[in-house]
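# Structural overview
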Amino acid sequence: MIWSKRVFLALSAVFALATPAAAVEGMRAHFPALDAERGRLVINGATDVEAMEPLIRDFQETARDVAIDYTDYVTNDLYRDADAACRRQQPFGDILLSSSVDQLVKLANDGCALAHVSPETADVPTWANWRDEVFGFTFEPSVMVYHRDFVPPEDVPHTHGELTDLLRFKPDYYRGRIGTYDLRQSGIGYLLAFLDAQQASTTYGRLLESLSRAQAVLRCCNNAVLSELDSGNVYIGYNILGSYAYAASRRNAKLRIVLPRDYTLILSRGALIPVGAKRSDLAGRFLDYLLSERGQDVAREKAFFFSRNGALPAEVDGPVKLVESGIGRPIRIGPALLAAQDRLQRSRFIDDWTNLIVNKPTRLRPN
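Anyway, here's the lowdown on the structure attached to this text. (Residues numbered from 1 in each chain as written. Predicted model: local features only at pLDDT ≥ 70, side-chain atom pairs only at ≥ 80, totals over all residues. Heavy atoms only, no water.)

## What to know about the pattern of salt bridges
Here is the rule we go by: Whenever Lys or Arg places a side-chain nitrogen within 4 Å of a carboxyl oxygen from Asp or Glu, that contact is recorded as a salt bridge. Strands are runs of DSSP state E lasting at least 2 residues, helices are runs of H or I lasting at least 4, and numbering of each runs from the N terminus. When accessible area is computed with a 1.4 Å probe and restricted to protein chains, residues below 20% of their type maximum are described as buried, those above 50% as exposed, and intermediate ones as partly exposed.
Inspection of every chain in the model, using the stated rule, returns 24 salt bridges. With a shortest N-O distance of 3.3 Å, Asp69 and Arg40 are connected by a salt bridge. Residue Asp69 is located in strand β4 (residues 66–72), and its partner Arg40 is located in strand β3 (residues 39–46); the two are separated by 29 residues in the primary sequence. Look at Asp69 and you get partly exposed, because its relative accessible area is 22%. Salt bridges sharing partners connect three or more residues here, namely Asp35, Glu61 and Arg64.

Pasting the structure below:
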């Protein structure tokens, strides 16, 4: 990616991440105001700078005197730091963005969010607005991604069950070649796995066993798995957010995307204004922009590529109308997600997953 002279990037220190792709997270970017600076908005997000840049730049066209500082976090780190700041009554940015909407709902439930009401928030679907405190501003299906050089057409899975059977019937070929999240590190990985188990517990259990036998390659985040796919170290990526997958496929046409035909979870990336925000006014303006028709158009065309009302992006294997087909299942932002953040339940779920997946070798086979 080429950055303009207007943007200064610096990699922040990244701690407690042992994966090779850890540097993908932890980026900081400064976007100077287009005119004389009269205000500065601080955004902390578990969303890649590359994805947010088109939206930030276009917002600044509407707010030319506003400079923006953006820091990209891993989901679990963002939640940890936001929770700690709330408890200590300290500031932690002006607006938080995260794919782990369950973590944002938990923050709001704990009194860490400011309500925001505007004409733009009134148009948000009920499943993407909780108490006017957590808003979904994207439409991102959870997909399977494969490298066409290594996965023959007859092997391409179109359902969770087909992926399970593929790993059972061709164990030697796909051993160490399936990539997915490390639930101990990834908040979005945990959320998607938790919801998978709720959608079809038997199917999920069988898939988990197959991933275990296949010695799944575990990574912290979307782009780390996609990097393994791009290099050919991994042949299939599971539960990858469609926005990141599509951006990767634009860079490498050999990466192909499949929306599972039995069901496809749809995430709406969340935004929350924390109680300690120094510039909650600017945060509200930016949130309104993200939810506006203009912001949604930029998100669809340049940032996240999928939308509630538009057609699927080119070359994506899935139904034309995802939600209307009955396949797409939006993740409702609301109190039901608090179950995913119940401390005991979360610990038990991750422990069970760890015992089955992590306690077996997860090394890559040599090329």
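## Considerations on the environment of Pro319
For clarity, the cut-off: Any pair of residues with heavy atoms lying within 4.5 Å of one another is described as a contacting pair.
Tracing the chain through its elements places Pro319 in the loop between β16 (316–317) and β17 (328–330). Given a relative accessible area of 16%, Pro319 falls into the buried group. Distance from Pro319 to Asp58, taken between C-alpha atoms, is 31 Å for residues 261 residues apart in sequence. Ignoring sequence-local partners within four residues, the contact set of Pro319 consists of Leu259, Leu312, Ser325 and Ile327.

## Here's the deal with the environment of Phe306
Checked against the element boundaries, Phe306 lands in the loop between α12 (293–303) and β16. Here Phe306 falls in the buried class, since its relative accessible area comes to 5%. Residues Phe306 and Asn355 lie 49 residues apart in sequence; the distance between their C-alpha atoms is 35 Å. Setting aside residues up to four positions removed in sequence, Phe306 forms contacts with Phe139, Pro141, Gly242, Ser243, Tyr246, Leu312, Pro313 and Val316.

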